[in-house]
Amino acid sequence: MKPLNCYITIICTLGLLLSSCKVGREFSRVELADMPAHFNGANEDQGLELSVNDIGWSTLYEDPVLQDLIDKALENNKDMLIATARIKELIANKRITFASMLPDVSLEAGGQKEMLNYGGDDKKYDPEFRTNMSAGWEIDIWGNLRWQNDAAVAAYMQSVEAQRALHLTVVAQVAQAYFELRALDRQLTIVRQTLISREQAVQFAKLRYEGGLTSEIPYRQSLVELARTETLVPDIENRIKLKENDLAILVGDYPSSVIPRGQRIDEIDFPPQLPVDLPSSLLRRRPDILQAEQELIEKNATVGATLTDMFPKLYLTGRLGGENDELGNFLQSPTWFISGFLTGPVFNFGKNKARHTAAQAAYEAQVYEYEKTILNVFAEVNNAISSLEKAKTMRLSHQKLYESAYSYHQLAQLQYINGIVSYLDVLDSQRQLFDAEIALNDATLNELIATVDMYKALGGGITR
């Protein structure tokens, strides 16, 4: 047995020495030329002490009902469940590729009894009992298996980053859908309050008409305004139902489920300003960028694997066991076998070289995809900064407009009662007040959605 131990030691040492070589170019992060140091409209000092990553989504979205909906979506959303299953699949694949770098060991045990009869009366029985342990090992001389393992690890990391990116998307989608639903609820409330005012106006106009204080025209005009307002209710109610169905699907429920309500849309407060990180910090945090970088790593590993496919491969096999015609003695008859063989391409019409060339081209294309992702991120963040700034300005302007329209309406009603102005002036004030209130509701929604987009663009929403 001593020669066997010596052979095994020599072979293992040789395998480890040969495996230390790895042909190919290791991945290096792509350097982006002329990348701006700051985003448009961002203060240079922002993000140095506080980043969006420090603001959990439950801190930004303080409505308890919205928080419960987001928690439910992250747990039950079908896209999230698909991403989780994908990660499990890639974990198994990563384990397979890593195991390929290690020896395969198998065990065989068996016995047989053969009867031999050469035409005579004597029968001869030939029993045999054996047990063998076999091992096979591909020595990773050039790093082919290690490149394959690197590619599998990068594919796994892509799935992890893809799930994190989906996490951000789900949080943003639920928040936006909830705000849109609350805006529709507020719009329906405004319309119903306006309906009450219109009904009161009809009664008032009727009394004045029947009392001979006015002609029939103001009364008929009030009826027209009442009917026009009534036509708005079914459309808003339908939009609310459709939005409830969308939100139910996001949280993993059937569309027939009831969506709870929390804060009114005009009661929701957000931070006056979200901190904007430096581009270099944001690029290291956004999951979609990290996913694109892992795709680059995978493509680079594929280049290395296809390169090493053009070199010979060394396989080692060994067997150790025993064999005897007596069950009790087969361990006393040891057998062993060790072999090694080298295989490699000689002439295959350039297929391996073509695969390597194709892998290099795929890597080059992925570099451009990565750079495109960076450009899209800059556009997304710059757009979000501008949209949020303008949305706040618009909301403040509509707030002033609503306050002016409300004062105008109060004055018009008072002067109509005193006979100073006509009913047309009252109708005009009513329309302006209604339009201003609806516009203020829309402007509030736009600011909330712009805040959601800004938070997501800056990579916020991973932590609760």
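Shown above is the structure to which this text applies.
My aim in this report is to walk through the structure given alongside it, one point at a time. (Residues numbered from 1 in each chain as written. Predicted model: local features only at pLDDT ≥ 70, side-chain atom pairs only at ≥ 80, totals over all residues. Heavy atoms only, no water.)

1. Considering the side chain of Lys-243
Argument step 1. In this fold, Lys-243 is placed in helix α7 (residues 232-250).
Argument step 2. Among the residues examined, Lys-243 registers a relative accessible area of 18% and is labelled buried.
Argument step 3. Ignoring any residue separated from it by four or fewer positions in sequence, one finds Lys-243 in contact with Ala-177, Glu-180, Leu-181 and Leu-184. (Helix = DSSP H or I, 4+ residues; strand = E, 2+ residues; numbered from the N terminus. Buried < 20%, exposed > 50% of the residue type's maximum accessible area, 1.4 Å probe, protein only. Contact = heavy atoms within 4.5 Å.)

2. Points about the packing of helix α5 (residues 144-210) against helix α9 (residues 287-308)
Argument step 1. Following both chains from N to C, one finds α5 and α9 inclined at 165°, their axes separated by 8 Å at the closest point. Our classification of the angle between α5 and α9 gives roughly antiparallel. The handedness of the crossing between α5 and α9 is left-handed. (Axes fitted to C-alpha atoms, helices over the stretch in contact; angles between N-to-C directions. Parallel < 35°, antiparallel > 145°, perpendicular 65-115°, else oblique. Left-handed = near helix turned anticlockwise from the far one by under 90°.)

3. Some remarks on helix α10 (residues 351-417)
One turn of the α-helix equals 3.6 residues, which is why residues spaced by three or four share an orientation.
Argument step 1. In this model α10 runs 93 Å from its N-terminal to its C-terminal C-alpha over 67 residues, within 8% of the 99 Å that 1.5 Å per residue would give.
Argument step 2. Once α10 finishes, Gly-419 follows within two positions and takes phi at roughly 75°, a positive value. (Expected span 1.5 Å × (residues − 1).)

4. Brief notes about a nonpolar patch on the surface
Argument step 1. On the surface, Val-105, Leu-107, Met-133 and Leu-320 cluster together into a nonpolar patch covering about 390 Å² of accessible area.
Argument step 2. On the basis of relative accessibility, which here comes to 42%, the residue Met-133 falls in the partly exposed class. (Patch = residues over 30% accessible without salt bridge, like charges linked within 9 Å, V, L, I, M, F, W, Y side chains within 5 Å. Areas by Shrake-Rupley, 256 points an atom, 1.4 Å probe, with all protein chains shown as cover. Salt bridge = Lys/Arg side-chain N within 4 Å of Asp/Glu carboxyl O.)

5. Notes on the pattern of salt bridges
Argument step 1. The full count for this structure, using the stated rule, is 17 salt bridges.
Argument step 2. Between Glu-244 and Arg-261 there is a salt bridge; the shortest N-O distance is 2.8 Å. Of the two residues, Glu-244 sits in helix α7 while Arg-261 sits in the loop between α7 and α8 (279-283), which places them 17 residues apart along the sequence.
Argument step 3. Relative accessible area serves as the criterion here: at 13%, Glu-244 is assigned to the buried category.
Argument step 4. Residue Arg-286 pairs with Asp-288 through a salt bridge whose shortest N-O separation is 2.5 Å.
Argument step 5. Look at Arg-286 and you get buried, because its relative accessible area is 5%.

6. As for the nonpolar core
Argument step 1. One finds Tyr-61, Val-174, Phe-179 and Leu-247 to be the most contacted residues of the largest nonpolar core, which totals 77 residues.
Argument step 2. Those residues in contact with Tyr-61 that sit more than four places away from it in its chain are Leu-66, Gln-67, Ile-70, Val-171, Ala-175, Phe-179, Phe-270, Val-452 and Tyr-455. (Core = buried A, V, L, I, M, F, W, Y, C linked by side-chain atoms within 4.5 Å.)

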